[in-house]
Amino acid sequence: MAHELHWLRSLRGRFLVLDGPDGSGKSTQFRRLAELCRAGGLQVTETREPGGTEIGEQIRRILLDPANVEMHVRCEMLLYMASRAQLVHQRIAPALAEGHLVLADRFISSTLAYQGTAGGLSPIEILAVGAVAIGSVRPDLTILFDVDEATAGRRLNPILDRMEQKGQEFHRRVREGYLGQARRDPDGHLVVDARAEADAVWESLERSLREWAVARTGE
């Protein structure tokens, strides 16, 4: 088993983001990946957005509260960035400095898809604010779980949060936003077909990530 997981060593000190539309099943795969990496002997720091810190969790409650229907997309973007800034300062940067593998459930890729492509904000503006929020911290790899909006909709909890309530057309644009990011930066992204059942998605994720890691180490 240890020999089979030797490729995981190249993930030490890396920053991996797992992202995708609501209902893509990324949270299930996130847990499985974290367990695999720990089994391979890595120290793993897990984060989620919005949230991941005491301050970030307070911001999360504001962002996802269905009562906040009047929130403007620009305010929404800034709140996500504020939560992210605290997360980078308090957890991500220190963990990377200690050689941990950092696994993030969402990052700036989410803002570009949700508030950018789907919400109408300029990616230039988002990236400018992002430069202030996250400084020089950038993911080594963003793993996108791609799923069509009909499949995603069937997987969502019937009690939807504020972002999930935005409707099918909005979430179609979210998907387009994610796929556009992968097309523009193929070396920085892995796209995993997340329409299948969880075990098949996991096999695809593990295989693709192993190929990515091996290509960087030659092992």
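For the structure, see preceding data.
About the thresholds
Residues numbered from 1 in each chain as written. Predicted model: local features only at pLDDT ≥ 70, side-chain atom pairs only at ≥ 80, totals over all residues. Heavy atoms only, no water. Axes fitted to C-alpha atoms, helices over the stretch in contact; angles between N-to-C directions. Helix = DSSP H or I, 4+ residues; strand = E, 2+ residues; numbered from the N terminus. Parallel < 35°, antiparallel > 145°, perpendicular 65-115°, else oblique. Left-handed = near helix turned anticlockwise from the far one by under 90°. Contact = heavy atoms within 4.5 Å. Core = buried A, V, L, I, M, F, W, Y, C linked by side-chain atoms within 4.5 Å. Buried < 20%, exposed > 50% of the residue type's maximum accessible area, 1.4 Å probe, protein only. 1 Å grid on protein atoms, 1.4 Å probe; cavity = no way out; pocket = protein on both sides within 12 Å on 5 of 7 lines; lining within 4 Å. Points joined across faces, edges and corners; volume = space filled by probe spheres on them. Nonpolar A, V, L, I, M, F, W, Y, C, P; charged D, E, K, R; others polar. Phe/Tyr/Trp six-rings, centres within 6.5 Å; stacked < 30°, edge-to-face > 60°. Lys NZ or Arg CZ within 6 Å of the ring centre and 35° of its normal.

J.: Give me the lowdown on the packing of helix α3 (residues 73–97) against helix α5 (residues 123–134), citing residues and values where you can.
T.: Relative to each other, α3 and α5 sit at 25 degrees, their axes nearing to 8 Å. For the element pair α3 / α5, the angle class is roughly parallel. Handedness of the crossing formed by α3 with α5: right-handed. Contacts between α3 and α5 involve Arg-74, Met-77, Leu-78, Met-81, Arg-84, Ala-85 and Val-88 from the former and Glu-125, Ile-126, Val-129, Gly-130, Ala-133 and Ile-134 from the latter.

J.: For the nonpolar core, give the residues involved together with the corresponding values.
T.: Judged by nonpolar contacts, the single largest core of 29 residues is most densely connected at Leu-11, Leu-103, Ile-143 and Leu-209. At the level of elements, β1 (15–19), α1 (26–39), β3 (101–105), β4 (141–146), β5 (189–193) and α8 (198–217) are the ones that each hand at least two residues to this core. Among the elements that make up this core, the one with the highest residue count is α8 (six residues). Those residues in contact with Ile-143 that sit more than four places away from it in its chain are Val-17, Leu-18, Asp-19, Leu-190, Val-192, Leu-205 and Leu-209.

J.: Break down the layout of surface pockets for me, citing the residues and quoting the values.
T.: Empty space among the atoms can be located by rolling a probe the size of a water molecule over them. Quantified by volume, the second largest pocket comes out at close to 460 Å³. Lining the second largest pocket are 22 residues, and of these Ile-108, Leu-112, Leu-127, Gln-181 and His-189 lie nearest its centre. Elements supplying a minimum of two residues to the lining of the second largest pocket: α4 (108–118), α5, β4 and α7 (168–184). When residues in the lining of the second largest pocket are grouped by element, the largest group, six residues, is from α5. A class-by-class count of the residues in the lining of the second largest pocket yields ten nonpolar, nine polar and three charged.

J.: Before we move on, can you summarise the packing of aromatic side chains with the specific residues and values?
T.: Under the defined criterion, the tally for this structure stands at three aromatic pairs. Between Phe-15 and Phe-107 the ring centres are 5.1 Å apart and the planes differ by 85 degrees, which places this aromatic pair in the edge-to-face class. Highlighted residues: Phe-15 in strand β1 and Phe-107 in the loop between β3 and α4, separated in sequence by 92 residues. Here Phe-107 falls in the buried class, since its relative accessible area comes to 1%. Ring centres of Tyr-114 and Tyr-178 lie 6.3 Å apart, and the angle between their planes is 80 degrees; this geometry places the pair in the edge-to-face category. With Tyr-114 in helix α4 and Tyr-178 in helix α7, this pair connects stretches of sequence that are 64 residues apart. On the basis of relative accessibility, which here comes to 5%, the residue Tyr-114 falls in the buried class. For Tyr-178, a relative accessible area of 3% puts it in the buried group. Through successive ring pairs, a cluster of aromatic residues spans Tyr-114, Phe-170 and Tyr-178. Sitting above the plane of the Phe-107 ring, Arg-84 keeps its charged end 5.5 Å from the centroid.

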